[in-house]
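Each chain is listed here by its residues.
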Amino acid sequence: MDNVSVNRVRVTIHGMEYTLKGTAPTSHLNSVANAVDKMMTEISSTSTYMDERRVAVLTALNLADELERLKKEYQELLSLLDDKTRGDGSP
C-alpha cells in the first residue's frame, strides 16, 4: 500500500465552505480554490440574475476552455522542441 499523505484544507468558494482533500500541497489546493472563487465572483458580478448552478457551469466552461487552450499551446511547444532537437527546425 502507498504511504501517500493526504492533505486537507478548508476553503471558501463563492461564499460556501468546502473541505478539499488531495495529495497536492495545501498551498496548491488553496491556490486552485482561490482561482475558482475569483472566476465565480467575476462571472456572477456580470449579471445579477444568474443562480449558483449557472455561475458554476459557466465557471467550469471557462476553466475547461482555458485548459484546452493550454493543452494546445503545450503540444505546439513540444512539437517545436522536437523539431529543434532533431535539427528539422531553423535557428
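Residues numbered from 1 in each chain as written. Predicted model: local features only at pLDDT ≥ 70, side-chain atom pairs only at ≥ 80, totals over all residues. Heavy atoms only, no water.

Novice: So, the UniProt feature "coiled-coil region" (unreviewed entry) in the chain: which residues are in play, and what are the values?
Specialist: Per the UniProt entry, the sites bearing "coiled-coil region" (unreviewed entry) are residues 57-87 in this numbering. The span residues 57-87 is 97% helical and 0% strand by assignment, and the distance between its end C-alpha atoms comes to 45 Å. (UniProt positions renumbered as here; feature names shortened; annotations may be inferred. Helix = DSSP H or I, 4+ residues; strand = E, 2+ residues; numbered from the N terminus.)

Novice: So what's going on with the pairing of strand E2 (residues 16-22)? Residues and values would help.
Specialist: Taken together, the seven bridges between strand E1 (residues 7-13) and E2 define a ladder with antiparallel strand orientation. In the sheet register, Thr12 faces E2, and the bridge partner there is Glu17. Hairpin geometry of E1 and E2 is characterised by an intervening segment of two residues between the two adjacent antiparallel strands and by a positive phi of about 50° at His14. (Pairing = 2+ DSSP bridges.)

Novice: Give a detailed account of the side chain of His14, specifying residues and quantitative values.
Specialist: With respect to the helices and strands, the residue His14 is situated in the loop between E1 and E2. In terms of polar contacts, His14 uses its side chain to reach the side chain of Glu52, at 2.7 Å. Ignoring sequence-local partners within four residues, the contact set of His14 consists of Asp37, Met40, Thr41, Ser44, Glu52 and Val55. (Polar contact = N/O pair within 3.5 Å; in protein donor to acceptor, adjacent residues only side chain to side chain. Contact = heavy atoms within 4.5 Å.)

Novice: Just give me the short version of the pattern of salt bridges, but keep the residues and values in it.
Specialist: Between side chains of opposite charge, pairing is possible as soon as their charged atoms come close. A complete count under the given rule lists five salt bridges for this structure. Across the pair Lys71 and Glu68 runs a salt bridge, and its minimum N-O distance is 3.5 Å. Of this pair, Lys71 and Glu68 both sit in helix H2 (residues 52-86), three residues apart, which is roughly one turn of the helix. For Lys71, a relative accessible area of 44% puts it in the partly exposed group. Here Asp82 ties to Arg86 by a salt bridge, and the two come within 3.1 Å at their closest N and O atoms. Taken together, the residues Asp82 and Arg86, both in helix H2 and four residues apart, mark about one turn of the helix. What makes Arg86 exposed here is its relative accessible area of 51%. The network of salt bridges with common partners includes Asp82, Asp83 and Arg86. (Salt bridge = Lys/Arg side-chain N within 4 Å of Asp/Glu carboxyl O. Buried < 20%, exposed > 50% of the residue type's maximum accessible area, 1.4 Å probe, protein only.)

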